[in-house]
Amino acid sequence: MIIGDVRVIRADIPVARPHAMSFTTLEAVNFVFVRLETRDGLVGWGEAACLGGPTWSEESAESVAATLERYVAPWLRGRDATGIEALRIEMARRVQGNPFARAAVEMALWDLAGRALGVPVHRLLGGRVRDRVPLSWSLAVASPDAEVAEARARVALGHRIFKLKTAAHPVARDVERVRRIREAVGPDVALRVDANQGWDRPTALRAIRALEPYGLDFVEQPVARWDLEGLAHIGRSVAVPIMADESCFTPQDALAIARAGGVSILALKLTKSAGILGALAVARVAEAAGLGCYVGCMIETSLGTAAYLQVALAAAPVTWGCELFGPLLLRGDVVRQPVRYADGAILALDGPGLGVEVDETFVKEWTRRA
Ligand code: MG
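Bear in mind that the values here come from a model prediction, so they are computed numbers and not experimental data. All residue numbers here refer to positions counted from 1 along the written sequence of the relevant chain. Per-residue local features are limited, in this predicted model, to residues with pLDDT of at least 70; the limit for side-chain atom pairs, both in listing and counting, is 80 or more; totals at the level of whole chains, interfaces and linings are taken over all residues. Only hydrogens and water are set aside; all other atoms, that is, all heavy atoms of the structure, feed into the side-chain values.

Caption draft 1: The arrangement of the overall build of the chain in detail. A helix here means a DSSP run of H or I that spans at least four residues, while a strand means a run of E at least two residues long, and both kinds are numbered starting from the N terminus. Within the chain one finds 13 helices and 13 strands. For a compact globule of 370 residues, the expected C-alpha radius of gyration is about 21 Å, and the chain comes in at 20 Å, within 12% of that figure. For the chain, the spread of C-alpha atoms along the principal axes amounts to about 60 × 40 × 40 Å. What makes two residues a contact is simply this: any of their non-hydrogen atoms within 4.5 Å. Counted over contacts in the chain with a minimum sequence separation of 6, partners at least 24 positions apart contribute 73%. For accessible areas, the Shrake-Rupley method is used with a probe of radius 1.4 Å. Any residue's cover is judged against the shown protein chains and nothing else. Per element, the accessible surface of the chain, about 13800 Å² overall, is 51% carbon and sulfur. With 43 positive and 43 negative side-chain charges, the chain shows a separation of 1 Å between the mean positions of the two kinds. In this treatment the radius of gyration is a C-alpha quantity, and the globule benchmark scales as 2.2 Å times the residue count to the 0.38 power. We count Lys and Arg on the positive side and Asp and Glu on the negative side, and we leave His and both chain ends out. By convention, the point assigned to a charge is CZ for Arg, NZ for Lys, CD for Glu and CG for Asp.

In structure tokens:
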């Protein structure tokens, strides 16, 4: 399985409604798609989704594409695609940081491996331990009435878990938002909040205590990603479980979080962990430390979602479900049959490789022209 051709494609796909968070408001998600073709003509695909420039982390679609075109593609041509672990290690040596860029390549290698063997990637990861993953829908910051209407509409479609983006406004306003959503969806729907690093320690403590009456499952990334002591302090001071997202990219981050204590849940994302193997390594550290895992997203198409889903299906520590709702929020997709949802869950994919078939005419439709 010698890699013959490496293509890096920039694309932008609008979202169905503005997606406002503490750090940016999205009108479109910026993508880099990676297409690997072996000399035998087998094709594998990967994806890096970025939220409007280097906002969520240091990487942007532009930096991902430049890194891959100049420093990865020339090296990858002529390499044996079956050696995913060896290629992962060498790629990490050639490209420091830049995990979104590396993840897009690693996903495509797994897609090739599964297709070559005619099995879904989760089979290569040890087999799936679940056949569906409970799905969280993210409510971005909107007008109070719009948020309530969206939550009600989603409940009618079977959604049972919501995550509210917070910290774009003062605490009192976030508390009022959560109160109204809880009132609208009733006591049996799960609610979570994600501050995306938007609070400092005292604000986080004040906010989480004020939110306690509304029965939150967890509070995600209340403070800056570097503030592991802050996460630990907050986690020990409140009853609501704390989840680390931006603080936890690598297995080394996971280990440091576990050692600092206070955090109960780690959010897995293939992009921040440079691919499937990195995300699974984080999951194993979580398992060893007695923490739970959740599969987050960067609002991927069905392609990236399918890759994340392989991990959500195969990794036993993923006990908190996922938020693989990207294909439901994006106005377009790049595959023939999008990933499927039912009864508030995303369903397993059992086709070969990542389990979705990329349609290159769809990719062309969204490809950036300039
Ligand atoms: Mg998050």
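Caption draft 2: Just the domain arrangement of the chain, in detail. Bear in mind that the domain bounds are from an automatic or database domain assignment. Each domain of the chain was delimited in the assignment, giving domain 1 (3-118) and domain 2 (123-347). Each of domain 1 and domain 2 was reduced to a C-alpha centroid, and the two centroids are 23 Å apart. The quantity reported as buried area is the accessible area (1.4 Å probe) lost by two parts once they are put together, taken as the sum for both. Summed over both sides, the interface between domain 1 and domain 2 buries roughly 3200 Å², with carbon and sulfur atoms accounting for 70% of that surface. It is Arg17, Trp56 and Trp110 in domain 1 that bury the most area against domain 2; as a group they hold 22% of the surface buried on that side. In this structure, Arg225 engages Glu58 in a salt bridge whose closest nitrogen and oxygen atoms are separated by 2.6 Å. By convention in these notes, a salt bridge is any Lys or Arg side-chain nitrogen within 4 Å of a carboxyl oxygen on Asp or Glu.

Caption draft 3: View of the coordination of the magnesium ion. Surrounding the magnesium ion are the protein donor atoms Asp194 (OD), Glu220 (OE) and Asp245 (OD), which sit 2.0 to 2.4 Å from the metal. The buried label applies to any residue whose accessible area, calculated with a 1.4 Å probe on protein chains only, is under 20% of its type's maximum; exposed applies above 50%, and partly exposed to all values in between. Residue classification places Asp194 among the buried positions, given a relative accessible area of 1%. Coordinating N, O and S atoms are those within 2.8 Å of the metal (3.2 Å for Na, K and Ca), and as water is not part of the atoms, a site may appear to have fewer donors than expected.

Caption draft 4: Inspection of the sheet that holds strand β7 (residues 190-194) at higher detail. For two strands to be treated as a pair, DSSP must find at least two bridges joining them. The strand order across the open sheet formed by seven strands is β5-β6-β7-β8-β9-β10-β11, and the pairing between neighbours is parallel. Each edge of the open sheet carries a strand with a single partner, namely β5 (137-139) and β11 (292-295). Along the sheet, successive strands turn relative to each other by an average axial angle of 30 degrees, direction set aside. Looking at chain direction, strand β6 (residues 161-165) and β7 are connected through five bridges and run parallel. Its bridge partner lying in β7, Lys163 is registered against Arg192. Structural elements are reduced to axes, namely lines fitted to C-alpha atoms, with helices fitted over the stretch in contact, and the angle between N-to-C directions of any two is expressed from 0 to 180 degrees.

Caption draft 5: Just the nonpolar core, in detail. By convention a nonpolar core is built from buried Ala, Val, Leu, Ile, Met, Phe, Trp, Tyr and Cys residues, the set being connected through side-chain atoms within 4.5 Å. Of all hydrophobic cores here, the largest spans 130 residues; its most connected members are Phe33, Leu36, Leu68, Leu76, Leu266, Leu303 and Leu324. The element that contributes the greatest number of residues to this core is helix α3 (residues 99-117), accounting for 11 residues. Among the domains, domain 1 (3-118) and domain 2 (123-347) are the pair contributing at least three residues each to this core. For Leu303, the contacting residues outside a window of four places in its chain are Phe33, Trp45, Gly46, Glu47, Asp333, Val334, Val335, Leu354, Val356 and Val358. Within the second largest apolar cluster, five residues are counted, among which are Phe218, Met243, Ala267 and Tyr294.

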